[in-house]
Number of protein chains: 2
Amino acid sequence: MDIQQYMQDTGRKARAASRQMAAASTAAKNQALCVIAASLRARAPELLAANARDLEQARADGLEPAMIDRLTLSAKGIESMASGLEQIAALPDPIGEISNVKRRPSGIQVGHMRVPLGVIGIIYEARPNVTADAAGLCIKSGNAAILRGGKEALHCNQAIAACVREGLETAGLPAAGVQIIETTDRAAVGELITMPEFVDVIVPRGGKGLIERISRDARVPVIKHLDGNCHVYLDDEADAAKAIPIVENSKTQRYGTCNTAESLLVARSRAAELLPRVGAMLAGRGVEMRGCAESLAILGAAGIAGARLVPAQESDWSEEYLAPVIAIKVVDGLDAAIDHINRYSSQHTDAIVSENYSKAMRFLREVDSASVMINASTRFADGFEYGLGAEIGISTDKIHARGPVGLEGLTSQKWVVFGNGEVRA
Amino acid sequence: MDIQQYMQDTGRKARAASRQMAAASTAAKNQALCVIAASLRARAPELLAANARDLEQARADGLEPAMIDRLTLSAKGIESMASGLEQIAALPDPIGEISNVKRRPSGIQVGHMRVPLGVIGIIYEARPNVTADAAGLCIKSGNAAILRGGKEALHCNQAIAACVREGLETAGLPAAGVQIIETTDRAAVGELITMPEFVDVIVPRGGKGLIERISRDARVPVIKHLDGNCHVYLDDEADAAKAIPIVENSKTQRYGTCNTAESLLVARSRAAELLPRVGAMLAGRGVEMRGCAESLAILGAAGIAGARLVPAQESDWSEEYLAPVIAIKVVDGLDAAIDHINRYSSQHTDAIVSENYSKAMRFLREVDSASVMINASTRFADGFEYGLGAEIGISTDKIHARGPVGLEGLTSQKWVVFGNGEVRA
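Note that the structure is a prediction, hence the values are computed from the model and not measured.

To continue, consider the overall build of chain A. On a plain count of helices and strands, chain A comes out with 14 helices and 16 strands. Here chain A has a C-alpha radius of gyration of 24 Å; the compact-globule value for 425 residues is 22 Å, and the two agree. Along the three orthogonal principal directions, the C-alpha set of chain A runs to about 70 × 70 × 35 Å. Out of the 425 residues in chain A, the part that is buried amounts to 59%. Nonlocal contacts in chain A, meaning residues at least 24 apart in sequence, comprise 73% of its contacts between residues at least 6 apart. Surface summary for chain A: the accessible area is close to 15,700 Å², and the carbon and sulfur share equals 49%.

Take a look at the structure:
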C-alpha cells in the first residue's frame with residue numbers, strides 16, 4: 001500500500017466532505033447522531049465480536065493490563081457511547097450563529113459567525129469509545145474528521161465506523177464526513193500531520209512523548225494536551241473547613257486524571273496549623289508526601305501514624321505523579337505561590353483557598369493556567385463539569401482553545417458584513 | 001556574536017517581563033503609551049536623523065523605490081505613530097475581563113477571563129511605523145513583544161525603541177516588555193520562531209515567500225496573513241445600482257491592498273446586462289479584464305472604447321494582482337459562485353451582491369473566508385472599518401483569529417471558577 005497516496009486520497013475526500021458537513025442543517029446532523037446511536041445498539045454483538053478479536057491479538061502481543069483495560073468494550077460501554085451521541089444531539093448547534101453585530105459609521109453592520117474549522121485529524125490511543133465520541137463531536141460541529149485510533153483497536157474501530165457511516169448516509173450527509181484510517185502503518189500519522197491542504201487542525205491524545213513528537217513534526221495547528229501538574233495553594237487567609245476537603249478531593253478522588261492535584265503549597269503563617277491536619281488526611285488515604293524541609297519538619301513533629309514523608313527533590317515540583325504521591329512546599333505567601341506555580345505548573349489547573357477577596361482575585365488573574373479556581377477542587381476542570389456537554393480533550397495551549405475543549409473549541413468565527421450598497425470612502 | 005545565545009537571552013527576558021506586563025494595571029499601560037507618544041514627538045529630530053542614515057545606506061545598496069518609500073519616515077509619519085499610540089491608550093483594556101459566568105449544578109460558577117498570550121514575536125518589513133504600532137498593541141494587550149523589523153530600518157527602529165523604553169520605565173513597567181532584535185543576522189529569525197519555551201506566538205508580516213517559510217519552520221503557533229484573492233459575485237438578483245459601485249470600489253479604490261477584489265463573478269442570467277456596464281467603468285479606470293470566453297464575448301460585443309480584454313488562464317483565478325487587472329468569469333448562479341470561491345479564493349474576503357435574502361444568507365454561511373459580505377465593498381475588511389481601533393494584521397488562518405486582528409486577537413481566554421468550598425462528587 002502506498003501510504004502517502006492513501007492519506008492524500010483520504011485528505012481529499014475529507015476536504016470535499018467538509019463543505020457539505022459545514023452546510024448541513026441541524027436536523028440532518030442530529031439525525032445522523034441518533035441513527036449512529038441506534039446502530040451501535042443494534043450491532044452490539046458485532047462490536048463485541050470485533051473487540052474480542054482485538055483483545056485476543058492484544059493478549060497474544062503481551063499488552064499491559066492497563067492498555068487491555070482501555071481497549072475492552074463492554075455492553076455497558078456500547079450503551080454509554082450511544083447515549084453520549086444522543087447527548088451531543090441534544091446540545092445546541094453552534095454553527096451559523098451570528099453574534100456581536102454592530103453598526104459602523106460607514107453604514108455597514110459587522111459581526112461574527114461561528115463556523116467549523118474544516119477537517120480535524122484526531123490521533124488517539126486504543127480506546128474504542130473515543131471513536132464514537134470524536135465522530136459525534138465533529139459531526140455536530142460541522143467538521144469532517146479523520147480518525148486514527150491505536151492500532152490494537154482496529155477491528156472494533158472499523159465496526160464503529162460502519163455505524164457512523166450508516167448514520168451519515170441515512171441523514172443524507174457524506175460518508176467521508178468521518179473516515180477512519182484503515183492502515184496500522186505508523187507512516188500514516190506522519191502524513192496526516194503534514195497535509196495542510198487537507199487538514200486544518202490535529203487533536204492528539206495519548207502519552208506526553210507522542211504529543212511532543214506530533215507537535216514538533218506537525219505542519220498544521222495542533223490542539224494539544226500535555227501533562228497536568230495541578231496545584232492547590234492554601235493562603236494565609238484560607239478557611240480550614242474548605243481547605244482540607246479541597247485538598248482531599250483534588251488529590252485523592254482519582255489519582256490517574258490530569259486534573260488531579262500533584263502539588264500543595266501552604267502559606268508559612270498557616271503551615272503549623274494546617275499541615276498536620278492535611279497530613280493526617282493524606283496519610284489516612286495512603287498518599288506519600290514529598291515535602292520541602294520546612295513542611296517535613298512540621299509533618300514529622302506532628303507524629304502522624306503511617307505518614308510516608310520523603311524529602312522533595314527539585315524534580316518533584318514539576319512532576320505529574322498520576323499516583324498517591326503529592327509534593328508539599330511551604331511558601332512565604334501569595335506572591336511566592338504565584339511565582340512557584342507560574343514556574344512549575346503545566347498550566348493545566350491551579351486553585352487557591354482563601355477568604356481574602358483581593359488575594360483570590362490576584363491569583364485568578366496572575367496564575368497563567370487554562371483553569372484557575374478559587375475555593376474549589378481542581379477535579380472540576382472537565383468539560384462536563386463546566387457545562388460543555390461533551391469534551392474532545394483538555395488543551396494546555398494558549399491560543400485558540402484553552403482548557404476543556406467542547407463543540408465550540410472545534411469551531412472558529414469568521415466576520416460577516418451586512419451592507420446595503422456601501423463603499424469605502 | 002553568538003546569535004543563539006543572544007536570542008535565548010532575549011527570550012528569557014521577554015518571558016520574565018511578560019508576567020509583569022500581564023499583571024500591569026490599565027493606568028500603567030496607558031501611561032506608557034502616552035509617554036511613548038510624547039517621547040516620539042520630542043525626539044522627532046533624532047528619529048529623522050536615524051532614518052536618514054538608514055535611507056542613505058538603502059540608496060547605496062540600490063533598494064527598490066517602493067521599499068525606499070516604505071522605509072522613509074516623515075514628520076507627519078512620526079505624528080501619525082504618536083497619535084496611533086494615543087488611540088490605543090483610549091481603547092478599552094481587554095485584559096482581566098470576566099465573561100459568561102454560569103452557575104453549575106455542583107455549585108461552582110464557571111466563566112472566562114481574557115488574558116494576554118504571553119510573548120509575541122513580530123517579524124516585519126523595513127517599515128518604522130510598524131515598530132511603534134506593534135509595541136503599542138502588545139503593551140495594551142498585556143503581552144511582551146520581541147520585534148524584528150527589516151534590517152534596512154535598524155537605526156530608526158533603535159531610536160523608536162528608545163522612546164518605547166522610556167515610556168515603559170516611566171510607567172513602572174519592565175523595559176524588556178518590548179525588545180527589538182539588534183542584530184541584522186538572519187539567523188536571529190530562525191531562533192525566534194523555534195523557542196516555544198520563550199515565545200507563544202509569531203506574527204509575520206511581509207511577502208508571501210517569507211510567510212510561507214516562517215510557517216513551515218516555526219515551532220510555535222503563527223498568526224499569518226498570506227494573500228488576498230478577494231471576489232465580488234453579482235448574483236441573478238443583484239441590484240445594479242449597488243453592483244456597479246461595489247465592483248468599482250472593491251477593485252479600483254486602491255490596487256495594492258489585500259482587501260482589493262481580484263476576481264469578479266457574474267451570474268449568467270445577468271451577464272449580458274451587467275458586464276457591459278461594469279466593463280465600461282473598469283475600462284474608464286484603465287483596468288485590464290482577463291475574462292472567460294463567455295464574458296469576453298459579451299464585453300467584446302459591447303464595443304467599449306479603450307477596453308483591454310485578455311483571455312483568462314487557469315492561473316488567473318488564483319492570482320493576487322495588486323494591480324489594475326481583474327479576472328472575470330460568468331457562472332451558472334449561486335452554487336457555482338460558492339464552489340468557485342471556495343476553490344480559488346485565498347479565504348480573505350468575498351462579497352455577494354444580491355437582493356435575495358436566502359441566497360445572500362447561504363453565501364454568508366457557505367463561503368469559507370475570514371470576511372464574507374453582503375452588498376458591501378471588499379475594501380471594508382480592515383481593523384479600523386470593523387471598529388477594532390487598531391490592527392496588527394489580517395489573518396487568513398482558521399484557528400484563533402480570522403480576518404483583521406486587533407487587541408483581542410493578541411489575547412486568549414482562560415477558565416475561571418468561583419467556588420465556595422465545593423468538591424467533586
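Read on, since the account is not over.
The feature "domain: Aldehyde dehydrogenase" (unreviewed entry), as annotated in UniProt, sits at residues 12-280 and 311-382 of chain A in this numbering. Secondary structure across residues 12-280 of chain A divides into 52% helix and 16% strand, with the first and last C-alpha atoms of the span separated by 59 Å.

With that settled, consider the packing of aromatic side chains. This structure, assessed with the given rule, holds four aromatic pairs over all chains. Taking 4.7 Å as the distance between ring centres and 35° as the angle between the ring planes, the aromatic pair formed by Tyr 386 of chain A and Trp 415 of chain B counts as tilted. Pair noted here: Tyr 386 of chain A is in the loop between strand E13 (371-376) and strand E14 (393-395) and Trp 415 of chain B is in strand E16 (residues 411-422), and the two residues belong to different chains. By the burial criterion, Tyr 386 of chain A is buried, and Trp 415 of chain B matches it. Directly above the aromatic system of Trp 317 of chain B lies the positively charged group of Lys 329 of chain B, at a separation of 5.4 Å from the ring centroid.

Overall, mixed pairing links the 10 strands, which are arranged E1(A)-E2(A)-E16(A)-E13(B)-E12(B)-E7(B)-E8(B)-E11(B)-E9(B)-E10(B) in an open sheet. Single-partner strands in this sheet number two, and they are strand E1 (98-103) of chain A together with strand E10 (309-311) of chain B. Ignoring which end each strand starts from, the neighbouring axes of this sheet average 25° apart. Two strands pair when backbone bridges link them, and strand E8 (residues 261-267) of chain B and strand E11 (residues 325-331) of chain B are joined in this way by five bridges, in the parallel orientation. Each residue of the ladder has a partner; that of Leu 265 of chain B, found in E11 of chain B, is Lys 329 of chain B. Lying over the sheet, helix H10 (residues 240-252) of chain B contacts strand E16 (411-422) of chain A together with strand E7 (230-234), E8, E11, strand E12 (349-353) and strand E13 (371-376) of chain B, oriented at roughly 170° with respect to E7 of chain B.

Turning to the domain arrangement of chain A, a few remarks are in order. Accessible area lost when the parts come together is the quantity often used to give the size of an interface. For chain A, the assigned domains are domain 1 (3-224 + 404-418) and domain 2 (230-385). The C-alpha centroid of domain 2 of chain A is placed 36 Å from the C-alpha centroid of domain 1 of chain A.

Our focus in this paragraph is the side chain of Asn 375 of chain A. Tracing the backbone shows Asn 375 of chain A in strand E13. The class for Asn 375 of chain A is buried, based on a relative accessible area of 5%. Excluding anything up to four places from it in sequence, Asn 375 of chain A contacts Lys 242, Ile 246, Ile 352, Val 353, Ser 354 and Glu 355 of chain A together with Gly 419, Asn 420, Gly 421 and Glu 422 of chain B.

Our focus in this paragraph is the pairing of E11 of chain B. Residue and element names in this part refer to chain B. Of all the seven residues making up E11, six are buried; the element is thus mostly covered by neighbouring parts of the structure. Sheet topology note: the strand E9 (residues 288-291)/E11 ladder contains four bridges and is parallel. Across the sheet, residue Met 289 finds its bridge partner in E11, namely Ile 326.

By the secondary structure assignment, Leu 168 of chain A is in helix H7 (residues 154-170). Separated by 10 residues in sequence, Leu 168 of chain A and Val 178 of chain A have C-alpha atoms that sit 8.4 Å apart.

The next point concerns helix H12 (residues 293-301) of chain A. Residues and elements named next belong to chain A. Along H12, the residues classified as buried are Ser 295, Leu 296 and Leu 299. Buried residues along H12 cover an arc of 100° about the axis, so they all sit on one side. Looking at H12, the residues exposed on the side facing more than 90 degrees away from the buried face are Ala 293, Ala 297 and Ala 301. Buried residues along H12 sit in contact with helix H11 (268-284), strand E9 (288-291), strand E10 (309-311) and strand E11 (325-331). Of the residues flanking the end of H12, it is Gly 303, one or two places downstream, whose phi is positive at about 60°.

All names here are of chain A. The four strands are arranged E5-E4-E3-E6 in an open sheet whose pairing can be described as parallel. The two strands at the open ends of the sheet, each matched to only one other strand, are strand E5 (178-180) and strand E6 (201-204). The mean angle between the axes of side-by-side strands here comes to 20°, regardless of whether they run parallel or antiparallel. Where strand E4 (residues 144-148) and E5 come together, three bridges link them in parallel fashion. Bridge pairing links Ala 145 to Val 178 in E5. Each of strand E3 (119-123), E4 and E5 is contacted by helix H1 (residues 3-23), which is oriented at about 145° to E4, the strand it contacts most.

Moving on: helix H13 (residues 334-344) of chain B. Along H13 of chain B, the residues that are buried comprise Leu 334, Ala 337, Ile 338, His 340, Ile 341, Asn 342 and Tyr 344 of chain B. Among the structural elements, H1 of chain A together with E7, E8, E11, E12 and helix H14 (357-366) of chain B are those in contact with the buried residues of H13 of chain B.

Residue and element names in this part refer to chain B. Within the fold, Val 164 resides in helix H7 (residues 154-170). Taking the C-alpha atoms as reference points, Val 164 and Lys 414, separated by 250 residues in sequence, lie 29 Å from one another. Beyond its immediate stretch of four places on either side in the chain, Val 164 contacts Ile 36, Ala 135, Ile 139 and Val 178.

So, on to the interface of chain A and chain B. Each side of the interface is counted separately: chain A has 70 residues, and chain B has 70 residues. Across the chain A/chain B interface, buried area totals approximately 5,900 Å², and carbon plus sulfur atoms make up 55% of it. Per-residue buried area on chain A facing chain B is highest for Arg 365, Trp 415 and Arg 424 of chain A; these three make up 16% of the total on that side. For the interface between chain A and chain B, the tally reads six salt bridges. Where chain A meets chain B, there are 52 residue pairs in polar contact (both at pLDDT 80 or more). Elements supplying a minimum of two residues to the side of chain A that touches chain B: H1, strand E2 (109-116), helix H10 (240-252), helix H14 (357-366), E13, strand E15 (403-405) and E16 of chain A. Looking at side-chain class alone, the side of chain A that touches chain B contains 35 nonpolar, 18 polar and 17 charged residues. Taken together, the five bridges between E13 of chain A and E16 of chain B define a ladder with parallel strand orientation. If you follow Ile 374 of chain A over to E16 of chain B, its bridge partner there is Phe 418 of chain B.

Let us now look at the relation of the copies chain A and chain B. Superposing chain A onto chain B requires a rotation of 180° together with a translation of 0.0 Å along the rotation axis, leaving an RMSD of 0.0 Å. Both copies are brought into coincidence by an operation consistent with a two-fold rotation axis. Nearest to the rotation axis, the C-alpha of His 400 of chain A is located 2.0 Å from it, this being the minimum over chain A. Looking at chain A, 100% of its interface residues are interface residues in chain B too, so the copies touch through the same face.

Residues and elements named next belong to chain A. Close contact between helix H3 (residues 44-60) and helix H5 (residues 75-90) brings their axes to 10 Å; oriented N to C, the two are set at 120°. Put simply, H3 runs oblique to H5. As H3 packs across H5, the resulting crossing turns out to be right-handed. When H3 is examined against H5, the residues Ala 44, Leu 47 and Leu 48 are found in contact with a partner set consisting of Ala 75, Ile 78 and Met 81. Among the residues forming the contact of H3 with H5, the class breakdown is six nonpolar, no polar and no charged.

The rules behind each value
Residues numbered from 1 in each chain as written. Chains lettered and ligands numbered in written order. Predicted model: local features only at pLDDT ≥ 70, side-chain atom pairs only at ≥ 80, totals over all residues. Heavy atoms only, no water. Helix = DSSP H or I, 4+ residues; strand = E, 2+ residues; numbered from the N terminus. Rg over C-alpha atoms; globule rule 2.2 N^0.38 Å. Buried < 20%, exposed > 50% of the residue type's maximum accessible area, 1.4 Å probe, protein only. Contact = heavy atoms within 4.5 Å. Areas by Shrake-Rupley, 256 points an atom, 1.4 Å probe, with all protein chains shown as cover. UniProt positions renumbered as here; feature names shortened; annotations may be inferred. Phe/Tyr/Trp six-rings, centres within 6.5 Å; stacked < 30°, edge-to-face > 60°. Lys NZ or Arg CZ within 6 Å of the ring centre and 35° of its normal. Pairing = 2+ DSSP bridges. Axes fitted to C-alpha atoms, helices over the stretch in contact; angles between N-to-C directions. Domains from an automatic or database assignment. Arc of directions from axis to C-beta. Buried area = accessible area lost by both parts, 1.4 Å probe. Salt bridge = Lys/Arg side-chain N within 4 Å of Asp/Glu carboxyl O. Polar contact = N/O pair within 3.5 Å; in protein donor to acceptor, adjacent residues only side chain to side chain. Nonpolar A, V, L, I, M, F, W, Y, C, P; charged D, E, K, R; others polar. Least-squares fit on C-alpha atoms with pLDDT ≥ 70 in both. Parallel < 35°, antiparallel > 145°, perpendicular 65-115°, else oblique. Left-handed = near helix turned anticlockwise from the far one by under 90°.

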